[in-house]
Amino acid sequence: DLSITGFILLGFSDRPQLERVLFVVLLIFYLLTLLGNTTIIALSCLDPHLQTPMYFFLSNLSFLDLCYTTSTVPQLLVHLRGADKSISFGGCVAQLFVALGLGCTECILLGVMAFDRYAAVCRPLHYTVIMHPRLCALMASASWFIGFVNSSLQTVLIFLVPLCGRNKIDHFFCEIPPLLKLACVDTTVNESEAFFASMIILLIPVALITFSYSRIVKVVLAIKSASGQKKAFGTCGSHLTVVSLFYGSAIYAYLQPSNNHSQDQGKFVSLFYTIVTPMANPFIYTLRNKDVMGAMKKVFCRSFDSR
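Residues numbered from 1 in each chain as written. Predicted model: local features only at pLDDT ≥ 70, side-chain atom pairs only at ≥ 80, totals over all residues. Heavy atoms only, no water.

Going by an unreviewed UniProt entry, the protein carries the name Olfactory receptor and comes from Panthera leo. Its UniProt record gives the protein a comment under Subcellular location (unreviewed entry), which states: "Cell membrane". Annotation of the protein in UniProt includes, under Sequence similarities (unreviewed entry), the sentence "Belongs to the G-protein coupled receptor 1 family." (UniProt positions renumbered as here; feature names shortened; annotations may be inferred.)

What follows is the structure, encoded as structure tokens:
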């Protein structure tokens, strides 16, 4: 087996015109992602009204999205502008480990957030007892821990596969499906193992989300007042939108046979969950949310008054 010192990320190099357009679009998206997610984290820390379990998890999600996008997009922007598309071997290992770990963490965290909404809507009187700060911290830590334990295992297994000197990855970052395509041995076992791990990481949170929302719908339908229904659907609607965007693209990318979709399709789906979803999350959560808008006004007024 030839020792590989680095890889070439082909990305979108077969379409130079698309590269220019993508550079501008992705740069704008990345800046919006940084702005939106940093704002949510800052507001959750600064406003006492937002120091609740829901915003604790939302801050975790925002921090996660910031890291997730930053693990792939800055490097992609550099590659879109220059002729050099290389990434070191260590860089590729680190990128796969970080991006996969954060992606898995987000899957689990979205499940935890559904449980939080279930407690808020279905057990309002016991909400503060159920969603105790220590339990919230424990659930958030468990999401990160499980995400990165799975990522460690997957990363080790992927880089044990012999590549026989093949180093051109037909993707814009180091991800499992395109890396397996470089193998010079049969990768059926690896593909089955990655598929099985993805099933567990994706489907257990999906089961928790389904259970939570089936209970929420029953309770909301029983609420007599229209304003009560609207409030319950408001906070849950944002979470459901984020869940649909993230899981939809992740399931499409990871839970179908490798020969089933073209490489180009795979790249655009990856673009969707590495940049579009993290950029959209803060806007989905804030635009229809009176608490966040109120906190924003307060912070801006305070900084304006202090001048």
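And the narrative resumes.
Enquirer: Explain the UniProt feature "transmembrane region" (unreviewed entry) in the protein to me, and be specific about the residues and the numbers.
Expert: In the numbering adopted here, UniProt assigns the feature "transmembrane region" (unreviewed entry) to residues 20–43, 55–73, 93–115, 135–161, 194–211, 232–255 and 267–287. Counted over residues 194–211, helix gives 100% and strand 0%. Its end C-alpha atoms are 26 Å apart. The straight-line gap between the two end C-alpha atoms of residues 232–255 is 32 Å; of that span, 96% is helix and 0% is strand. (Helix = DSSP H or I, 4+ residues; strand = E, 2+ residues; numbered from the N terminus.)

Enquirer: Describe the nonpolar core, with residues and values.
Expert: Grouped together as the largest cluster of nonpolar side chains are 83 residues, with contacts concentrated most on Phe 7, Phe 57 and Leu 179. Among the elements that make up this core, the one with the highest residue count is helix H4 (residues 89–122) (17 residues). For Phe 57, the residues in contact, after removing those within four places along its chain, are Leu 109, Val 112, Met 113, Asp 116, Met 131, Cys 136, Met 139 and Ala 140. (Core = buried A, V, L, I, M, F, W, Y, C linked by side-chain atoms within 4.5 Å. Buried < 20%, exposed > 50% of the residue type's maximum accessible area, 1.4 Å probe, protein only. Contact = heavy atoms within 4.5 Å.)

Enquirer: I'd like a rundown of the side chain of Thr 274, residues and numbers included.
Expert: Within the secondary structure layout, Thr 274 lies in helix H10 (residues 263–287). At a separation of 2.7 Å, a polar atom in the side chain of Thr 274 contacts the main-chain carbonyl oxygen of Ser 270. At 3.5 Å, the side chain of Thr 274 forms a polar contact with the backbone oxygen of Leu 271. Excluding anything up to four places from it in sequence, Thr 274 contacts Tyr 68, Thr 69, Thr 72, Val 73, Phe 172 and Phe 173. (Polar contact = N/O pair within 3.5 Å; in protein donor to acceptor, adjacent residues only side chain to side chain.)

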